[in-house]
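Working through the structure, step by step
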Amino acid sequence: MSLVGNWSYPTAIKFGAGRIKELPEACAQAGIKRPLLVTDKGLADLPITRDTLDILDAAGLGRGLFSDVDPNPNEVNLTAGVEAYKAGGHDGVIAFGGGSGLDLGKMVAFMAGQTRPVWDFEDIGDWWTRADADAITPIVAVPTTAGTGSEVGRASVITNSQTHEKKIIFHPKVLPSVVICDPELTVGMPKLITAGTGLDAFAHCVEAYSSPHYHPMSQGIALEGMKLVIDNLPRAYADGSDIDARANMMSAAAMGATAFQKGLGAIHALSHPIGAMYHTHHGTTNAICMPAVLRLNAPAIKDRFDLAAGYLGIKGGFEGFQRFVQEFNDSLGIPKRISDLGVSDPDIDSLVKGALIDPSCGGNPIELTKDNLTKLFHEVL
């Protein structure tokens, strides 16, 4: 089977190995003539980024680059990015990289024409309507990992550097106009990042499938996304050059982010404040938190995972799925506790406070309270 496609759901996606060469056409499709490529510090000097800039330059689109992006991007990075965008006379953004590059790139395009501070557009009620929609510039997204799925998302996660809280900034027009999903860009990911990003996609699918909200389309996407991760992440982890496994993981990442329109839950409510305060890798943090959250949610999700387990090739229903998740983590080198990531003497009270105000709380099938969140943090830390 040839893993190549042109998809229009949830947005226009050019999927397939080698399709980064079509980036100039994607910019033209989005109406961009002078793009700013936004990526993170770690990617800026790598061959995949240099080659991408060469493709743009050869097409007469310049070599505009902004890479002052932290692993957990914040408003300081955003201000600098907007300044670079304006100074360069750019008319659109190529959001390039993993979650940090994608999220910050989308926000540069969003904020370049706004007059209010970014926090005024947090994903609360209808705050997104405060934005000047006509001032949002076009976005082309190019993921280089298979995890966050931010390339098909209508929001970005930005850390407030003063309060150390992660905030979700939402607007429908933040959804990129065109996405290029080229699995060849992920071949160079080391095992640690392959595992962490892949389990981020898995967490998105698990939480969307667990969410109590009604969205049958997302439910189906979440189920198939879980299967793709289970079948392909071990292959990509064992052999980074397995292009079919890399392609299926890239699909699973986009599916996870599409599915979690249905909601996330306690895994992300825990990992967001941990990441904001202690700068841990998001996907790895999600993976560590998952077994404890499954135990908490068991009464509410057992029946649906009893049904899913058979399709996923897991014996023993929900209990078998729980055992599988821990064994899956272990096989991919994921630590059992956050302390194994170097976090010592954590501030539990501040973490609980952060979790209680995280939007992910609303998608958990069991109400998240101060007491059960405190218990969860003690389990995972």
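Below or above, wherever it landed, is the structure these notes cover. (Residues numbered from 1 in each chain as written. Predicted model: local features only at pLDDT ≥ 70, side-chain atom pairs only at ≥ 80, totals over all residues. Heavy atoms only, no water.)

**Some words on the nonpolar core**
Stated precisely, the cut-off is as follows: Nonpolar cores are built from buried Ala, Val, Leu, Ile, Met, Phe, Trp, Tyr and Cys residues. Side-chain atoms within 4.5 Å join them into one set. Each residue's exposure class comes from its accessible area (1.4 Å probe, protein chains only) as a fraction of the maximum for that residue type: buried when under 20%, exposed when over 50%, partly exposed otherwise. Each helix is a run of H or I in the DSSP string that is no shorter than four residues. Each strand is a run of E no shorter than two, and both are numbered from the N terminus. Whether two residues touch is decided by their heavy atoms; if any such pair falls within 4.5 Å, the residues are in contact.
Residues Phe202, Met226, Phe321 and Phe377 are the most contacted members of the largest nonpolar core, which totals 62 residues. Per element, the largest residue contribution to this core is 12 residues, and it comes from helix α9 (residues 282–311). Once residues lying within four places of it in the same chain are set aside, the contact partners of methionine 226 are Phe202, Cys205, Val206, Tyr209, Phe305, Leu312 and Phe321. Core analysis: the second largest hydrophobic core is formed by 35 residues, Ile13, Ala131, Ile139 and Ala247 among them.

**Comments concerning the side chain of threonine 11**
Spelled out, the test is: Identification of polar contacts relies on pairs of N or O atoms within 3.5 Å, with a donor-acceptor requirement for protein atoms, meaning one able to donate a hydrogen and the other able to accept it, and with residues adjacent in sequence counted only if both atoms are side-chain atoms.
Topologically, threonine 11 is positioned in the loop between β1 (5–7) and β2 (12–15). Residue threonine 11 is classed as buried on the basis of its relative accessible area, which comes to 9%. There is a polar contact of 2.8 Å between the side chain of threonine 11 and the backbone oxygen of proline 176. Here the side chain of threonine 11 touches serine 177 through a polar contact of 3.3 Å, landing on its backbone oxygen. For threonine 11, the contacting residues outside a window of four places in its chain are Val152, Leu175, Pro176, Ser177 and Val179.

**As for the pairing of strand β9 (residues 178–181)**
Defined as follows: In this scheme, strands are said to pair when DSSP sees at least two bridges between them.
The two faces of β9 match: Val178 and Ile180 on one face and Val179 and Cys181 on the other face are all buried. Sheet topology note: the β2/β9 ladder contains 4 bridges and is parallel. Note that in β9 the partner of alanine 12 across the bridge is valine 178. Pairing between strand β6 (residues 139–143) and β9: 2 bridges, direction parallel. By the bridge assignment for β9, valine 140 is matched with valine 178.

**Digging into empty space enclosed by the protein**
Filter applied, for reference: Using protein atoms alone on a 1 Å grid, points that fit a 1.4 Å probe yet trap it form a cavity, whereas open point sets bounded by protein on both sides within 12 Å along at least five of seven lines form a pocket; residues with an atom within 4 Å of a point count as lining. Grid points are joined across faces, edges and corners, and a volume is the space filled by probe spheres set on the points.
Counting across every chain of the model gives 2 cavities of 30 Å³ or more. Volume-wise, the largest cavity comes out at about 60 Å³. As for the largest cavity, its lining consists of 14 residues, of which Glu207, Ser210, Ile267, Val293 and Asn297 are closest to the centre. Every element with two or more residues in the lining of the largest cavity is listed here: α5 (191–210), α8 (266–278) and α9. Element by element, the count of residues in the lining of the largest cavity is highest for α9, at 4 residues.

**Here we look at the pairing of β6**
Short version of the rule: Crossover handedness is defined by viewing with both strands directed away from the observer: a clockwise path from the first strand over the helix to the second marks the crossover as right-handed.
Where burial is concerned, most of β6 is hidden: 5 out of the 5 residues are buried. Of the two faces of β6, the one lined by Ile139, Ala141 and Pro143 and the one lined by Val140 and Val142 are each fully buried. Taken together, the 5 bridges between strand β5 (residues 92–97) and β6 define a ladder with parallel strand orientation. Bridged to isoleucine 94 within β6 is valine 140. On the question of chirality, the crossover connecting β5 to the parallel β6 by way of helix α4 (residues 99–111) is right-handed.

**Topic: unusual backbone geometry**
Of note in the backbone geometry, histidine 164 takes a positive phi value of approximately 60° without being a glycine. Looking at the secondary structure, you find histidine 164 in the loop between β7 (155–160) and β8 (165–170). On the basis of relative accessible area, histidine 164 is assigned to the partly exposed category, the value being 40%. Phi angles above zero are rare outside glycine, and aspartate 345 is one such case at about 50°.

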